[in-house]
There are 2 protein chains.
Amino acid sequence: MTRDDIARLRRFNRAVTAEVGALDTSFLGRGRPLGPARVLNAIGQGIAEVGEIRAYLRLDSGLASRLLRGLEAEGLIETSPDPQDARRRIARLTPTGAEEVAAYEALSDAQAGAILARHPHPEALLAAMDLVASALGRDRIALTEVRVGDPRAQACLNAYYTELSQRLKQGFDVSLSADPEAAAMEAPRGAFLIAVSDGRAIGCVGLKGTDKGYAEIKRLWIDPSARGLGLATRLMAEIEARARALGIARLRLDTNSALPEAIALYRRAGWTEIGRFNDDPYPDHFFEKRI
Amino acid sequence: MTRDDIARLRRFNRAVTAEVGALDTSFLGRGRPLGPARVLNAIGQGIAEVGEIRAYLRLDSGLASRLLRGLEAEGLIETSPDPQDARRRIARLTPTGAEEVAAYEALSDAQAGAILARHPHPEALLAAMDLVASALGRDRIALTEVRVGDPRAQACLNAYYTELSQRLKQGFDVSLSADPEAAAMEAPRGAFLIAVSDGRAIGCVGLKGTDKGYAEIKRLWIDPSARGLGLATRLMAEIEARARALGIARLRLDTNSALPEAIALYRRAGWTEIGRFNDDPYPDHFFEKRI
DNA sequence: GCCGTTACCTGACATAAGTCAGATATATTA
DNA sequence: TAATATATCTGACTTATGTCAGGTAACGGC
């Protein structure tokens, strides 16, 4: 790491710091200070529990409470105790609040659009932003279980299929693989996890129950912008934990030698290479792990 | 521009907003609020006039004034009237202030280093950051005249030579070109301009005086991260203005067909293609413009 | 049911940041 | 030289943000 590298990073910091006001003028465009606006938008994003809001925005409990009271007084949100645990409170948008959030969204979209529109290579700019966002936000990447039909899961799977078709010599056609298996990747037989960074799914992995005495790990994929951050390891650890919770004792997976980083990961994570256990046309490496 | 593009940009915004506090903890690491810390560092960067500081940090005049008084009271800066215009005031670091700035720099470097160190591909991350910083900071790119020997000018020239050696079929060796000509690119015969974005030089152009009845434009280069933002056009317009101010009426330049974007720019900017006017081995296109 | 813990709230502050209307001194122009 | 413009400063605010020490109600394990 040279002095020049550091200068480059610091130039980025300054550019972003200088523009952050501008980036967030949507928060300031509606006559409301930043604090309440951020809370309102967090609620609009579906963050409901007061504690979650606090953690997400890193607010002091007193401050959070006051901001919520303010929004309530404006008629933008309502709060009620959590039925599961009445110590917690859940915040919800009122219709007025939903309109207000929509107005913020529209401002923010317009702004994002303006930045993209004036750039000569929007795709390159977006790819760069993805990379930076993943690098900076790595601590805030959350793993969530979803159904395979969830649009975020589908987005990951489509990206995964596209990548396979580019990287495998013979291409890839999902219908030839032992697949569409949504039901087998849902509770109680299996699971499907996605990694979510600020609302965007940037990785996935599936656990597919079978009746052959083992379950399979399928569809491990990480967005290119987030590779090398240890996310695959986190997803694997979490899906193993889910498998254990479902009473599964033996896991198998198959992969292709065109994906050497995946093979290296499995070896590091304690998987043992075994012989072919299916007749799927694509894989040429097979692994097993007892858990 | 799709909804997904906008979602990507907004994820970037959120990631950066969330981290900006962290990115700037160096500003908070020395028991001083953000306002004074930013002013102190601006002065440390060489921004001396009160008005410039105000513009750079977008501060109200009253607030700026108060922050300056605070730093003065701490013994970190001194101010004195500008000898050219006694209405203006110039701020300067005291030795204590310089130490303090150095401490901020060290914190900031350490932090930048930590971000880079934990990333698997620091060069890719830096390239992405450059691209984003140029896209966001395009309005803050300043053109400055420097001597060719200035390290920022040298950095640009080295990048330019490296790029030429990659793009020209026959490679490029600066010593074969009609060059080292520093003196001819300095006042009163010529000029050398760099484009500076937050302290980093990201583009250059030279005006080389000759005694052949014309001056030459040389060494037009833009950092890859800043291409397409209209910076080359700005640099050309500014160097032409300098030429005019030096009483030069006719400009010439040469270029190579491996640089089609440059050729297109010259055509757009009103240059006329002419026949070869030197025996430099690299160029194969020659242009002239009366100004 | 008791007790320690948790989640959230309230009140009382303290500090930071931003605004605005003059005041002062200097420069510029007619 | 008078009138006007400019650069900065000061004082008197308002608002926003952050902090801390309790207070209340609900939960969970015994």
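Predicted model only: the values in this text are computed from it and were never measured.

**Describing the domain arrangement of chain A**
Turning to step 1, where the next piece is worked out: Under the domain assignment used here, chain A contains domain 1 (3-118) and domain 2 (140-290).
Turning to step 2, where the next piece is worked out: Measuring from the centre of the C-alpha atoms in domain 1 of chain A to the corresponding centre in domain 2 of chain A gives 34 Å.

**Topic: the relation of the copies chain A and chain B**
Turning to step 1, where the next piece is worked out: For the pair chain A and chain B, the superposition axis carries a translation of 0.0 Å, the fit reaches an RMSD of 0.1 Å, and the rotation angle comes to 180 degrees. What the rotation and shift describe, once combined, is the action of a two-fold rotation axis. For chain A, the minimum C-alpha distance to the rotation axis belongs to A:A128 and amounts to 2.2 Å.
Turning to step 2, where the next piece is worked out: The residues that chain A uses at the interface reappear at the interface of chain B in 100% of cases, marking a shared surface.

**As for the environment of B:H119**
Turning to step 1, where the next piece is worked out: Within the secondary structure, B:H119 is located in the loop between α6 (95-117) and α7 (122-136).
Turning to step 2, where the next piece is worked out: Taking relative accessible area as the criterion, B:H119 reaches 6% and is therefore assigned buried.
Turning to step 3, where the next piece is worked out: Non-local contacts of B:H119, meaning those with residues more than four positions away in its chain, are made with A:A135, A:L229 and B:L125.
Turning to step 4, where the next piece is worked out: For B:H119, the side chain forms a polar contact with the main-chain nitrogen of B:H121, separated by 3.0 Å.

**Some thoughts on the pairing of strand β5 (residues 200-209) of chain B**
Residue and element names in this part refer to chain B.
Turning to step 1, where the next piece is worked out: Across the ten residues of β5, ten count as buried, placing the element largely inside the fold.
Turning to step 2, where the next piece is worked out: As paired strands, strand β4 (residues 191-197) and β5 are joined by seven bridges and run antiparallel to one another. Directly across from A195, in β5, lies its bridge partner G203.
Turning to step 3, where the next piece is worked out: From the end of β4 to the start of β5, which pair antiparallel, there are two residues, and D198 there has a positive phi angle of about 50 degrees.

**Re the pattern of salt bridges**
Turning to step 1, where the next piece is worked out: Taken as a whole and judged by the stated rule, the model has 46 salt bridges over all chains.
Turning to step 2, where the next piece is worked out: With its nearest N and O atoms 2.4 Å apart, the salt bridge here joins B:R242 to B:E145. Here B:R242 is found in helix α9 (residues 231-245), whereas its partner B:E145 is found in strand β3 (residues 141-145), with 97 residues between them in sequence.
Turning to step 3, where the next piece is worked out: Taken together, the salt bridges that share partners define one network made up of A:D5, A:R8, B:E123 and B:D130.

**Here we look at the protein's contact with DNA strand C**
Turning to step 1, where the next piece is worked out: Around DNA strand C, a shell composed of 20 residues is seen, among which A:R69, B:R66, B:D85, B:A86 and B:R87 lie nearest.
Turning to step 2, where the next piece is worked out: Backbone atoms, meaning sugar and phosphate, form 70% of the atoms of DNA strand C found within 4 Å of the protein.
Turning to step 3, where the next piece is worked out: A distance of 3.2 Å separates a base oxygen of DNA strand C from a polar side-chain atom of A:R66.
Turning to step 4, where the next piece is worked out: At 3.3 Å from a sugar or linking oxygen of DNA strand C is found a side-chain nitrogen or oxygen belonging to A:R87.
Turning to step 5, where the next piece is worked out: Of all the elements in the fold, those that place two or more residues in the surface near DNA strand C are α4 (50-57) and α5 (61-73) of chain A together with α3 (34-44) and α5 (61-73) of chain B.
Turning to step 6, where the next piece is worked out: At five residues, the largest contribution of residues to the surface near DNA strand C is made by α5(A).
Turning to step 7, where the next piece is worked out: Of the residues belonging to the surface near DNA strand C, the class tally is five nonpolar, five polar and ten charged.

**Thoughts on the protein's contact with DNA strand D**
Turning to step 1, where the next piece is worked out: A:P33, A:D60, A:R66, A:A86 and B:R87 are the nearest of the 20 residues found near DNA strand D.
Turning to step 2, where the next piece is worked out: Taking A:R66, its side chain carries an N or O atom lying 2.9 Å from a base oxygen of DNA strand D.
Turning to step 3, where the next piece is worked out: Taking A:A86, its main chain carries an N or O atom lying 2.9 Å from a phosphate oxygen of DNA strand D.
Turning to step 4, where the next piece is worked out: Of all the secondary structure elements, the ones that give two or more residues to the surface near DNA strand D are α3 (34-44) and α5 of chain A together with α4 (50-57) and α5 of chain B.
Turning to step 5, where the next piece is worked out: Broken down by element, the surface near DNA strand D gets its largest block of residues, five residues, from α5(B).
Turning to step 6, where the next piece is worked out: Of the residues assigned to the surface near DNA strand D, the class counts are five nonpolar, five polar and ten charged.

Calculation rules
Residues numbered from 1 in each chain as written. Chains lettered and ligands numbered in written order. Predicted model: local features only at pLDDT ≥ 70, side-chain atom pairs only at ≥ 80, totals over all residues. Heavy atoms only, no water. Domains from an automatic or database assignment. Least-squares fit on C-alpha atoms with pLDDT ≥ 70 in both. Contact = heavy atoms within 4.5 Å. Helix = DSSP H or I, 4+ residues; strand = E, 2+ residues; numbered from the N terminus. Buried < 20%, exposed > 50% of the residue type's maximum accessible area, 1.4 Å probe, protein only. Polar contact = N/O pair within 3.5 Å; in protein donor to acceptor, adjacent residues only side chain to side chain. Pairing = 2+ DSSP bridges. Salt bridge = Lys/Arg side-chain N within 4 Å of Asp/Glu carboxyl O. Near = heavy atom within 4 Å. Nonpolar A, V, L, I, M, F, W, Y, C, P; charged D, E, K, R; others polar.

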